[in-house]
Amino acid sequence: DFVAIETTAYKSRKDFLDKWKQILAATVEHLKPKQYDRLGVRYIDRMMGSEITDNIKKFIRPDALGILNGFSPDEIIHMLNQTLFKVEDAQLSARWGKLAPHSTFDPATLESKPEPSWVLDLDIFRDLKGQTEPLDIEKIMKDSKFYTERVYSFFRWVVTEEFLKYYGG
């Protein structure tokens, strides 16, 4: 009762959206759904090990680090922030912070790891709350593009230029 694309390997936002459109077209052609009730885009970024202890204060802007900014990364075991933003007719759920070893906030999408990690989880969505809309691929693609742009804007607010250079951006 849902269609999704999940990947850790895509070249660009355009590449991702092109693959999404292919999946939607195949779904319409073969399953012939007539309506939908939710649309969302989710990005999860994770840093681990020395990326946290050596670089967290260089990679993440102080506003996003919050209390982590005032302490050594080793002093805080677990800290998670969550904020829900209104973005036009959608909502952006942003969760970020340091996770303790062997912990997760969502076992369905984020596996626990044996070492500490810092996670940024951005999920933008429009839930029609029991209503439906006709399944129109062009509208879904327009909304999906808008959602990916908003998520990237938030991501760029969180990370620094040093983060982008370190990860090859």
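Residues numbered from 1 in each chain as written. Predicted model: local features only at pLDDT ≥ 70, side-chain atom pairs only at ≥ 80, totals over all residues. Heavy atoms only, no water.

Asker: Account for the pattern of salt bridges, with residues named and values stated.
Answerer: One side chain can pair with another of opposite charge once the charged atoms of both are near each other. Within this structure, the stated rule accounts for 17 salt bridges. Note that Glu149 is salt-bridged to Lys145, the shortest N-O span being 2.4 Å. Of the two residues, Glu149 and Lys145 both sit in helix α4 (residues 137-158), four residues apart, roughly one turn of that helix. On the basis of relative accessibility, which here comes to 22%, the residue Glu149 falls in the partly exposed class. On the basis of relative accessible area, Lys145 is assigned to the partly exposed category, the value being 43%. A salt bridge links Glu149 to Arg150; its shortest N-O distance comes to 4.0 Å. Arg150 sits in the partly exposed class, given a relative accessible area of 28%. (Salt bridge = Lys/Arg side-chain N within 4 Å of Asp/Glu carboxyl O. Helix = DSSP H or I, 4+ residues; strand = E, 2+ residues; numbered from the N terminus. Buried < 20%, exposed > 50% of the residue type's maximum accessible area, 1.4 Å probe, protein only.)

Asker: So, the packing of aromatic side chains: which residues are in play, and what are the values?
Answerer: One pass over the full model with this rule turns up 13 aromatic pairs. Ring plane angle 55 degrees and centroid distance 6.3 Å describe the contact between Trp96 and Phe154, whose orientation is recorded as tilted. Within this pair, whereas Trp96 is found in strand β4 (residues 90-99), its partner Phe154 is found in helix α4, the two being separated by 58 residues in sequence. The residues Trp96 and Phe154 share a single accessibility class, namely buried. On the numbers, 4.9 Å between centres and 80 degrees between planes, the contact of Tyr166 with Tyr167 is edge-to-face. (Phe/Tyr/Trp six-rings, centres within 6.5 Å; stacked < 30°, edge-to-face > 60°.)

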